[in-house]
Each structure stands twice: as C-alpha cells, then as structure tokens.
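Chain residues, written in single-letter form:
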Amino acid sequence: MKEGRLGHPYPEMDTLSCIDCGLCSAICPANVFGRSRAGDAGQDELFRSPAAAFAAWAKDPSEYVSSTSGGAASVLSRHFLSQGGAVYGSAVIPSGTDGRSCRFSVRHIRIENESGIPRLKGSKYVQSSISGILPQCRKDVRSGKPVLFIGTPCQTAALRCMFRKRPENLFLVDIVCHGVPSLALLKDYINGYMHISPSEVTGLSFRDERGFSMTVSDSHGIHRLPPLTGRRTEGLYYNLFMDGFTYRESCYSCIYAGIRRVSDMTIGDFWGLGKDVPEHPYGVSLIMPVTSKGKELIPVLKEGMHMYERSLDEASAGNAQLCHPKHKSLRIKLFRCIEPILGLRSYYLLTADWILKKRIKSR
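Description of the structure in this document. Source: prediction; values computed, not measured.

The next subject is the packing of aromatic side chains. Per the stated rule, a full pass over the model turns up 21 aromatic pairs. When the centroid spacing of 4.7 Å and the interplanar angle of 40° are considered together, the rings of Tyr125 and Phe241 count as tilted. Here Phe241 lies in helix H10 (residues 236-242) and Tyr125 lies in the loop between helix H6 (117-120) and helix H7 (134-142), a separation of 116 residues in the sequence. Neither residue differs from the other here; Tyr125 and Phe241 are each classed as buried. An aromatic cluster of three or more residues is present, and its members are Tyr125, Tyr189, Tyr193, Phe206, Phe212, Tyr237, Tyr238, Phe241, Tyr247, Tyr252 and Trp271. A cation sits over an aromatic face here: Lys293 above Phe171, 5.0 Å from the ring centre.

In structure tokens form, the structure reads like this:
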C-alpha cells in the first residue's frame, strides 16, 4: 500500500511478481459489488433494501450516556459475547499499549468479553484498518463461533468476499458512513495543529457530552478542542470532515451509499427524527434490519433498548448517505488541488462566504 493524496493508502502492484492470475481482481469487493450495483448479476443477493427502520436508545442509563448515539452497537456486542461469540470493531490504539507496535493507530480489534466493549465505543471519524484481524475472523467463523463484525459498508463487503457462501454464524453490521479521512491526515493534524506528537498520544475521542469535539490525551494532560458549531470556525479537522473535503477519492462515487445495503443490519445516528417520540437527551440510534439474520436481532435489541418503528423515508431524509454518496463539488476539487501548496487552512479561503453567512445568521 502506498500513501496517496491526503494520506489515503492505495494499492500498488508489484508487476515483477504478478503472474496475471486475476484473483485479486476477481475477489476485490469494489469489483464484485460494483458489477452487482450496475445490474450485471446477483444484485438481489448482494444489495437488499432494509425491512424496517427504528429509532432506539439503551435502557441502561450508564450504557446510554457513555455511547455517542443510542448504544445499539454495545447492546449487540453484549448479546454476542453472552453467547460465547467474538466481536470485531474499531478502536483507538494509544501509543505504547499495543503488543505489536508502540504507534498510535485506529484499527479493528477482536474482543471476547465485556471488559473490551468500552474500547469499541465512540465514533471514529477516520479510516480504520481491518487487515490485521482478517485471519482471526476467518478462523472464528470456520470454528462455528458466533461472530459480530461492525464496520463501514466497504469493510463488511470485504468480509463477505472472504467466503464463497455467507456463513450462518457471521453477522455483519455496517454503519451509515459519510466518507473517511485518512489516519495519516489525523496524525498530521494532531501534530501540526494541536502540537502533540502522535507517538505520545495516550487517548483520543471524537465526540463527548458537548458534541463534536476532539479530545486528545498525552503525558502532559488532556487537550480539548472547542466543540463544533454552525459557524464552522472551530475544529478544522471536523469542518473538513463534515463538508467532505478530506475523504478518500472512492468515497465520492461510493457504490454502498444508498438505501440498498450489503450487511445484515445498518446502524447510525438517527438525524431528523420526528417530535412524536419520548425525550432522548443523549442521542438516538438508527437501526435498519436488512436480511433475515438482521431481523432476528430485533427482539434482542428490544430487550435492551427503547425502540420506536419509523419509516424508511424519515431515516433516509436525515442521512444523505442513505440516498447517494457525497458530491464532489467545485470547492472540494479546488481544495484538493491547492492543499498540497497552502495546507489544510486553505479550506477557510474556499468557504469564507459560508462562514460569513453563518456568523450573520447567528447574530
């Protein structure tokens, strides 16, 4: 893998070693699911529309408060662990705590007891690596152990391509993904804008009780950025993410951004929820079962969550990525051209009129 624009990793072929067998092309999820999306063959099998939509939040107050939305992922994880299963999800790996490496990173890990659930909690607005857990995940599935994998749609598609037939004991849950900045960009931001060496990062969170606010811990203490507001003048990393300036190139034509899904269940934040539901001060989860296996998990969720069925139209209205991928606007194209010269702050030059309008409106 070679680092490309804005730090995103891209595959680079070793043409001297390649024997032209075509296996990498045949198994690549972008090709397999791309052909299906185009209607070539197997579309009904690979992409399916959700059977329903639910707004939900955890009944356990501590579970609810410690989650960034409603706690659906935690409730699902506890169920699979209670069945003797394994759960795979994204975690922040602080510097010096990983047995294989002392480098700070964001990647998928495997947990097999409830003590590991807090490591999977919280939103991660960055690309998580799954390469390290694929062999163990395959081993767990083949052993017959119940396995829950939670990731972006493209990551769950990769898991599906690992098996010729969909294993009954593998449950795939994708999140409503808006696009991903790279880990390299995140590290550069922490180093260049927060003046914290990535090698000294001992903790990182992207959301807290104040909202969208980055908190980084190191040996010197805790460093909090101001929470993001509508003015778009705080939290440059968040502004770039929210407005789609730093996504991977493929995110702008993502084949998984639509109401038809590739996993057993889709979860995320339920934005734009109607007022006819009880008060939910700490956020609310969107839950959409897709396959029969996804539907089977709804009774499990109802045991641990307050759940209210909503329409698919309401769910997609608040989440644009359930309709289409992020549009690569002229501003985004210009930013990606001038960023190598002027840096990330060139965002403010391209959005000065937005910021001015928001400031006038807020006054």
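Still more to cover.
This paragraph deals with the sheet that holds strand E11 (residues 265-269). The 8 strands are arranged E5-E4-E6-E7-E11-E12-E3-E13 in an open sheet whose pairing can be described as mixed. Both edges of this open sheet fall to strand E5 (105-111) and strand E13 (305-310), since each of them pairs with a single strand only. With strand direction ignored, the average angle separating the axes of adjacent strands in the sheet is 25°. When E11 meets strand E12 (residues 285-289), the two strands line up antiparallel, connected through 5 bridges. Bridged to Met265 within E12 is Pro289. Each of strand E4 (86-93), E5, strand E6 (147-151), strand E7 (170-175), E11, E12 and E13 is contacted by helix H5 (residues 72-82), which is oriented at about 160° to E6, the strand it contacts most. Sheet strands touched by helix H8 (residues 153-161): E5, E6 and E7. Its angle to E7, the strand with the most contacts, is close to 160°.

Ala72, Ser74, Val75, Leu76, Ser77, Phe80 and Leu81 are the residues of H5 that are buried. Remark: Gly84 follows H5 within two positions and exhibits a positive phi of approximately 80°.

This next bit is on unusual backbone geometry. Backbone geometry places Asp20, a non-glycine residue, at a positive phi of 65°. Assignment of secondary structure puts Asp20 in the loop between strand E2 (9-10) and helix H1 (23-27). What makes Asp20 exposed here is its relative accessible area of 71%. The residue His195 is not glycine, and still its phi comes out positive at about 55°. With respect to the secondary-structure elements, His195 resides in the loop between helix H9 (183-192) and strand E8 (203-208). Residue class for His195 comes out exposed when judged on its relative accessible area of 68%.

Cut-offs used in this document
Residues numbered from 1 in each chain as written. Predicted model: local features only at pLDDT ≥ 70, side-chain atom pairs only at ≥ 80, totals over all residues. Heavy atoms only, no water. Phe/Tyr/Trp six-rings, centres within 6.5 Å; stacked < 30°, edge-to-face > 60°. Helix = DSSP H or I, 4+ residues; strand = E, 2+ residues; numbered from the N terminus. Buried < 20%, exposed > 50% of the residue type's maximum accessible area, 1.4 Å probe, protein only. Lys NZ or Arg CZ within 6 Å of the ring centre and 35° of its normal. Pairing = 2+ DSSP bridges. Axes fitted to C-alpha atoms, helices over the stretch in contact; angles between N-to-C directions. Contact = heavy atoms within 4.5 Å.

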